[in-house]
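Read off the chains here:
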Amino acid sequence: MINDIAPRRFDNCYKNKKAEPHDLFLSYEGNTVLVKKDKDKLWYPSFKDYEEDFPGLAENATFLFTVDDINYYLVEEKGLDSVDGWTYISTENFRTEPKKWRSFVGVAGWQLSRWYGNNLFCGRCGKPMKRSEKERMIYCEACGYQSYPTISPCVIVAVHDGDRLLLTKYKGRTYTRHALIAGFAEIGESLEQAVHREVEEEVGLKVKNLKFYKSQPWPFTDTLLVGFYAELDGDDTITLQEDELSSGEWFNRDDIPPDKYKISLTGEMMTAFKNRTVEL
Ligand SMILES: [Zn+2]
């Protein structure tokens, strides 16, 4: 999965530390990220790379996290692709980069970049928000409101029946490969209740014997994914929720498609069922 970056170690502990020339930074414009041109991997800039053309960058940078001994910062100045050799490329590259620690760094930074960018003003009183120097938190000096990064819990459900697994395809998304049932937990609901509701809503089936598999941070959508296997309970007739799904069908183990990029919990759960490496 995209967050499985061992032996490298992702450390999200917040440090109140000014950036130094050898530290790396992440810069985003919309759905794009700044990387070095002519590299076959996601190669992020250091402050040293920008010290001639943008000498003040390190001063205004926001600390993000550390991977091994490399500190990563967020830089919000625009137009950094005006420096020769650097370019903005689509964040879709996070899904295909073979070196997962590079894509995980990029997508985790993107989540924080969106959170900072979407919370410039206080949601309670409208005054500008400030960034805490003690922790990853923003606050309003005027009214005391505090805000932490958004993380929304979402269930992924692998519905199985003997040697069959239920696979779906979502409508109107860039991602068009087979998926599992998925949906956000709603107000007042446990994860288990979300599993039953989502399966019923999306494909009209009942399930039993829920088994928690793994969870995964999914910074693309500010989500914490929680994966469950769930056994079909009763009738196997699929009634598709057509405004969300374009298909939903039973696949025998051998027909389950391979997981090409191995970044998602969904892919890992499909493969584990196919290869019988999960005990159900
Ligand atoms: Zn306020």
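Residues numbered from 1 in each chain as written. Predicted model: local features only at pLDDT ≥ 70, side-chain atom pairs only at ≥ 80, totals over all residues.

Caption draft 1: Local environment of the overall build of the protein. Across its full length, the protein carries four helices and 16 strands. In terms of principal-axis extent, the alpha carbons of the protein reach across some 65 × 50 × 35 Å. Buried positions account for 32% of the 280 residues belonging to the protein. Of the contacts made within the protein by residues no fewer than 6 positions apart, 64% connect residues no fewer than 24 positions apart. (Helix = DSSP H or I, 4+ residues; strand = E, 2+ residues; numbered from the N terminus. Buried ≥ 20, exposed ≤ 12 C-beta atoms within 10 Å, placed from the backbone. Contact = placed C-beta atoms within 7 Å.)

Caption draft 2: Structural view of unusual backbone geometry. The residue after Ala 6, namely Pro 7, is reached through a cis peptide bond having omega 10°. If you trace the backbone, Pro 7 turns up in the segment before strand E1 (10–11). Look at Asp 38: it is not a glycine, yet its phi comes out positive at around 60°. Mapped onto the elements of the fold, Asp 38 is located in the loop between strand E4 (32–36) and helix H1 (57–60). Classification of Asp 38 by C-beta neighbours within 10 Å gives exposed; the count is 7.

Caption draft 3: Main features of the pairing of E4. Two elements, strand E3 (residues 28–29) and E4, share two bridges in a ladder whose sense is antiparallel. Directly across from Tyr 28, in E4, lies its bridge partner Val 33. Between the antiparallel neighbours E3 and E4 lie two residues, among them Gly 30 with a positive phi of about 55°. Summarising the sheet, E4 and strand E7 (residues 86–90) pair through five bridges and their orientation is antiparallel. (Pairing = 2+ DSSP bridges.)

Caption draft 4: Structural context of helix H3 (residues 191–203). Between its first and last C-alpha atoms H3 spans 18 Å; for 13 residues at 1.5 Å apiece the expected length is 18 Å, and the two agree. Every buried residue belonging to H3 is among Ala 194, Val 195, His 196, Glu 198, Val 199, Glu 202 and Val 203, and all of these are buried. Lining the buried residues of H3 we find strand E11 (152–161), strand E12 (164–170), strand E13 (181–184), strand E14 (207–218), strand E15 (223–232) and strand E16 (245–252). With its phi angle positive at about 70°, Gly 204 sits one or two positions after the end of H3. (Expected span 1.5 Å × (residues − 1).)

Caption draft 5: Structural view of the nonpolar core. One finds Phe 25, Leu 26, Ala 61, Leu 64, Tyr 72, Tyr 73 and Leu 74 to be the most contacted residues of the largest nonpolar core, which totals 33 residues. Elements supplying a minimum of two residues to this core: strand E2 (24–26), E4, H1, strand E5 (62–67), strand E6 (70–74) and helix H2 (100–118). Sorting elements by how many residues they give to this core places H2 first, with seven residues. With sequence-adjacent residues up to four places away left out, Leu 64 is seen in contact with Leu 26, Tyr 72, Tyr 73, Leu 74, Gly 109 and Leu 112. Counting 29 residues, the second-largest nonpolar core is a separate cluster that includes Ala 158, Leu 166, Met 269 and Phe 273. (Core = buried A, V, L, I, M, F, W, Y, C linked by C-beta atoms within 7 Å.)

Caption draft 6: Main features of the sheet that holds strand E9 (residues 138–139). In space, the three strands of this open sheet follow the order E8-E9-E10, with antiparallel pairing throughout. Because the sheet does not close on itself, it has two edges, and the strands there are strand E8 (130–131) and strand E10 (146–147). Pairing of E8 with E9 involves two bridges; the strand directions are antiparallel. Opposite Arg 131, over in E9, you have Ile 138 as the bridge partner.

Caption draft 7: Layout of the domain arrangement of the protein. When its domains are assigned, the protein resolves into domain 1 (10–118) and domain 2 (152–274). Taking only C-alpha atoms into account, the centre of domain 1 sits 33 Å from that of domain 2. Each partner contributes to the interface: domain 1 provides seven residues, whereas domain 2 provides six residues. Residues of the side of domain 1 that touches domain 2, tallied by class, amount to three nonpolar, two polar and two charged. (Domains from an automatic or database assignment. Nonpolar A, V, L, I, M, F, W, Y, C, P; charged D, E, K, R; others polar.)

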